[in-house]
Amino acid sequence: MEQFRAVVYAYYRDHGRHDLLWRLPGADGSFDPYTILVSEIMLQQTQVPRVIPKFTTFLQQFPTADALAAAPLGEVLVAWQGLGYNRRAKFLWQAAHMVAGQFGGVFPHTAKELMRLPGVGANTAGAVLAYAHNVPALFVETNIRTVYIHHFFQDQTAVPDAAILELVAQTIDRHNPREFYWALMDYGTYLKQTVGNLSRAGKGYATQSKFEGSLRQLRGKALRLLAAGPQREDALLEALGDVRGAAVVERLAAEGLIRRLGDGTYDLP
């Protein structure tokens, strides 16, 4: 276990991404849990290079949970454009409302409370605790999964996250879990580039569907069209130019990501 930690930290010392914006503390040396949550939600299913510019502009526009909660959802969706999976933006907006309302403006600081926030599961809650508060919470995501499968489960398939979590518990640096997880993330990124995405050997691994021609692409197109202003339904469907357009628009409206006005016009909420 000591050798494993030494390998992880050695890579991080020499090649770690020490300048990632969400890894930089505030002026007082602390890490803002809201900022960490924004980065974690953005990084779900989105690569770091795409997140970096969006993270910067998003926090300039919505620097606090209160600022995000005060904004219309449509404004948040426009700021989110380019990241995909727009439901994440709505979850983050709803989470900000919960923090401002149910938590009295104080960000939750336990896993149980964090998991009450929309879009926050056990792994995201663990990441917020580790990165914001330096708590040795246990969580697994794709880079971490890759590291542990490479070192402890070579040539195995259907490796359950529970088995990986046991090893995380045994190897975590309990004095500085924040930096240990940063090191795991960077080492895992390196392994993916050199030996492949070993997280595919995880039991719950599911391949991401092709984006081109997908419903995800069509949903994003609808939101981009409405970001330019309200559109009548017939004009919107014509602009989408896809037989699935009506179903996509209906679904987006049901999810609250767009709204249908009384005159048959659609707009962002």
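Residues numbered from 1 in each chain as written. Predicted model: local features only at pLDDT ≥ 70, side-chain atom pairs only at ≥ 80, totals over all residues. Heavy atoms only, no water.

## Examining helix H8 (residues 122-133)
Here comes step 1: Given a rise of 1.5 Å per residue, 12 residues ought to cover 16 Å, and the 16 Å separating the end C-alpha atoms of H8 matches this to within 8%.
Here comes step 2: Each element contacted by the buried residues of H8 is listed here: helix H2 (33-43), helix H7 (111-114) and helix H11 (177-194).
Here comes step 3: Backbone geometry just downstream of H8 places Asn134 in the positive-phi region, at approximately 60°. (Helix = DSSP H or I, 4+ residues; strand = E, 2+ residues; numbered from the N terminus. Expected span 1.5 Å × (residues − 1). Contact = heavy atoms within 4.5 Å.)

## Some points on the sheet that holds strand S1 (residues 231-232)
Here comes step 1: Strand order in the open sheet made by the 3 strands is S1-S3-S2, with antiparallel pairing throughout. Pairing within the sheet leaves two strands with one partner each, and these edge strands are S1 and strand S2 (259-260).
Here comes step 2: Judged from the 2 bridges that link them, S2 and strand S3 (residues 265-267) form a sheet pairing that is antiparallel. Residue pairing in the sheet places Arg260 in a bridge with Tyr266 of S3. (Pairing = 2+ DSSP bridges.)

## Details of the environment of Tyr34
Here comes step 1: Within the secondary structure layout, Tyr34 lies in helix H2.
Here comes step 2: Taking the C-alpha atoms as reference, Tyr34 lies 9.8 Å from Ala95; in sequence the two are 61 residues apart.
Here comes step 3: Apart from the residues lying within four places of it in its own chain, the contact partners of Tyr34 are Phe58, Leu59, Phe62, Pro63, Thr64, Ala65, Leu68 and Phe107.

## A few points about the pattern of salt bridges
Any two side chains of opposite charge can pair, given that their charged atoms come close.
Here comes step 1: Per the stated rule, a full pass over the model turns up 11 salt bridges.
Here comes step 2: The partner of Glu2 in a salt bridge is Arg5, and the shortest N-O contact between them spans 2.3 Å. Here Glu2 and its partner Arg5 are both found in helix H1 (residues 2-15), 3 residues apart, which amounts to about one turn of the helix.
Here comes step 3: As a salt-bridge pair, Asp186 and Arg17 come within 2.7 Å of each other at their nearest N and O atoms. Remark: Arg17 occurs in the loop between H1 and H2 and Asp186 occurs in helix H11; sequence separation between them is 169 residues. (Salt bridge = Lys/Arg side-chain N within 4 Å of Asp/Glu carboxyl O.)

## Quick notes on the packing of helix H9 (residues 142-152) against H11
Here comes step 1: Where H9 contacts H11, the two axes come as close as 8 Å, and the packing angle between them is 75°. As judged from the angle between their axes, H9 and H11 are roughly perpendicular. Contact residues: Thr142, Asn143, Ile144, Thr146, Val147, Tyr148, His150 and His151 in H9; Phe180, Tyr181, Leu184, Met185, Tyr187, Gly188, Thr189, Leu191 and Lys192 in H11.
Here comes step 2: Looking at the contact of H9 with H11 residue by residue, the classes come out as 9 nonpolar, 7 polar and 1 charged. (Axes fitted to C-alpha atoms, helices over the stretch in contact; angles between N-to-C directions. Parallel < 35°, antiparallel > 145°, perpendicular 65-115°, else oblique. Nonpolar A, V, L, I, M, F, W, Y, C, P; charged D, E, K, R; others polar.)

## Some remarks on the environment of Val48
Here comes step 1: With respect to the element layout, Val48 can be found in helix H3 (residues 48-61).
Here comes step 2: Among the residues examined, Val48 registers a relative accessible area of 18% and is labelled buried.
Here comes step 3: Ignoring any residue separated from it by four or fewer positions in sequence, one finds Val48 in contact with Arg17, Leu20, Trp22 and Leu43. (Buried < 20%, exposed > 50% of the residue type's maximum accessible area, 1.4 Å probe, protein only.)

## Quick notes on the nonpolar core
Here comes step 1: Formed by 84 residues in total, the largest nonpolar core has its most connected members in Phe58, Leu117 and Tyr148.
Here comes step 2: Take this core: its biggest share by element is 8 residues, from H11.
Here comes step 3: Apart from the residues lying within four places of it in its own chain, the contact partners of Phe58 are Tyr34, Val38, Met42, Leu68, Val76, Ala79, Trp80 and Leu92. (Core = buried A, V, L, I, M, F, W, Y, C linked by side-chain atoms within 4.5 Å.)

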